[in-house]
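Next come the chains, spelled out residue by residue.
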Amino acid sequence: MLRLQTSRPPVRAARLSLAVAALGLLAGCGDVVLTDGRSLSRSDQFATSDAVASESKLFIDPTLPTTVRTVRIVPTVFTEAVSGPGLNAVERRLIANAADRALCYDLSLRYDIVSSGRADLTVRSAITRIDLTNVPAAGATIGASAAISIAGQVGVGFANTVGKIPVPRVPIGLGSLTIEAEALDARNRQRAAMIWGGAANAFTNQARFSAASDAYDLAGEFGQDFGSYLATTKDPFRGELQIPTYDRVRITTLGEAPLDPDCDAFGRAPGVDGIVGDLIGLPPDWTDRGPAAVPTR
C-alpha cells in the first residue's frame, strides 16, 4: 500500500494508484480481520467498505459536521485481547499514539480540538487485534531497500518517504492491525463508529527491524481514515486520488507544529529523523518521541 510516510498518518488515496498495479504482481500481505465491536457502545448500524488490503464496518450521522464544533480525543487503548507478550510498553504507546496523532490532524481540519473539559464530541479508540511483523523476514529486505532508495531519489513523495523507490519485502510475517472506534456526543449517544482492519503489503510497506513496525504504520492509516470520516462524513475507502497539501506534508511528514495547538499533546512527527530511520530500517521507537504529554482522559 503506497503511502505518504507521516508518523506517520499515511495518505491512502495517494498510494492506491501504485499499489493496485503492484498487487497484481505481488500478492503478499498480512491478514485483515475485523473484530466484533464489543468495545463499542453499539454495533448494529454498520455498513461495510473496503480497499486494497483494508476492510471496515462504518456508521456516521450525516449531520455531524454541522452540529459539532469541539472534539476531544481520548488516548487509544489496547484491549485485553492484545495484552499478552510481543510488544513492550514503549511500542504499545507509540502504536496507540500514532493513531491519535493522525486522527488529531484530520479532525483539526474541520473541528476545534480540546484537550480537557466538555466537548461536543468525544472520540474513543481501542486496538483489538495485532499481528506482529516478522523481524527476520523484514530484515532480509532492508539492505536492498536502503541501497536502492539512496541511489534512486531523495525527497518526500508517495512511497514510504518522499521519492523513495519501493522495494518488495519477503512476503512472510507481514503485520496487521484492527481498531474499533466511535464518536460520542455530550449525551453519550454514538454519532459515528468504525471497525477498521488493515494489513501490511509486501510491496510498499516499509520493512524495519521491529515487531511493532507494521502496526505502527497501520495505526496512522487508521487515524487518517477515521479522522477524515468524522470531518467529511465521506467513506474514506471510496475517495478519489488526492495530492497531499502543503500543511499535510509539513506537519505529518516533516514534524512541524500542528494546525491546532491541542494536537501537540500527541507529539510531532519524527520528520527528517524518521525519513532517514526508515531508509535504514530503524525501529519506530528510535525516531518517534511519542506524545509530548499524557493527554487528559
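Residues numbered from 1 in each chain as written. Predicted model: local features only at pLDDT ≥ 70, side-chain atom pairs only at ≥ 80, totals over all residues. Heavy atoms only, no water.

Draft legend 1. Seen up close, the state of the cysteines. Per the counting criterion, the structure on display carries one disulfide. The disulfide bridge from Cys104 ends at Cys263, spanning 2.1 Å between sulfur atoms. The sign of the -90 degrees torsion about the S-S bond sets the Cys104-Cys263 disulfide as left-handed. On the criterion of sequence distance, the pair formed by Cys104 in helix 3 (residues 89-108) and Cys263 in the loop between helix 6 (246-253) and helix 7 (272-279) is long-range, its members being 159 residues apart. Like Cys263, Cys104 is buried. (Disulfide = S-S within 2.5 Å. Helix = DSSP H or I, 4+ residues; strand = E, 2+ residues; numbered from the N terminus. Buried < 20%, exposed > 50% of the residue type's maximum accessible area, 1.4 Å probe, protein only.)

Draft legend 2. Geometry of helix 5 (residues 213-232). Helix length check: helix 5, at 20 residues, gives a terminal C-alpha distance of 29 Å against a target of 28 Å (1.5 Å per residue), a fit within 8%. Of all 20 residues making up helix 5, 18 are buried, and the element is well covered by its neighbours. Following helix 5 by one or two positions, Thr233 has its phi on the positive side, about 65 degrees. (Expected span 1.5 Å × (residues − 1).)

Draft legend 3. Broad picture of the packing of aromatic side chains. Tallied over the entire structure, the rule returns two aromatic pairs. Note on Trp196 and Phe222: the rings are 6.0 Å apart at their centroids and 70 degrees apart in plane angle, and the pair reads as edge-to-face. Within this pair, whereas Trp196 is found in strand 8 (residues 190-199), its partner Phe222 is found in helix 5, the two being separated by 26 residues in sequence. Overall, Trp196 belongs to the buried group, its relative accessible area being 0%. Relative to Phe226, the ring of Phe222 lies with its centre 5.8 Å away and its plane at 20 degrees, an arrangement referred to as stacked. Taken together, the residues span about one helical turn, with Phe222 and Phe226 both in helix 5 at a distance of four residues. In this structure, Phe222 and Phe226 share a single accessibility class: buried. (Phe/Tyr/Trp six-rings, centres within 6.5 Å; stacked < 30°, edge-to-face > 60°.)

Draft legend 4. Highlighting the pattern of salt bridges. Enumeration according to the criterion identifies 15 salt bridges in this entry. The salt bridge involving Arg42 is made with Asp44; its shortest N-O contact spans 2.8 Å. For Arg42, a relative accessible area of 38% puts it in the partly exposed group. One salt bridge connects Arg208 with Asp278, and the closest N-O pair in it is separated by 2.8 Å. Residue Arg208 is found in the loop between strand 8 and helix 5, and its partner Asp278 is found in helix 7; the two are separated by 70 residues along the sequence. Across the pair, exposure class does not vary: Arg208 and Asp278 are buried alike. Several salt bridges share partner residues, and in doing so they unite Asp61, Asp185, Arg189 and Arg191 into one network. (Salt bridge = Lys/Arg side-chain N within 4 Å of Asp/Glu carboxyl O.)

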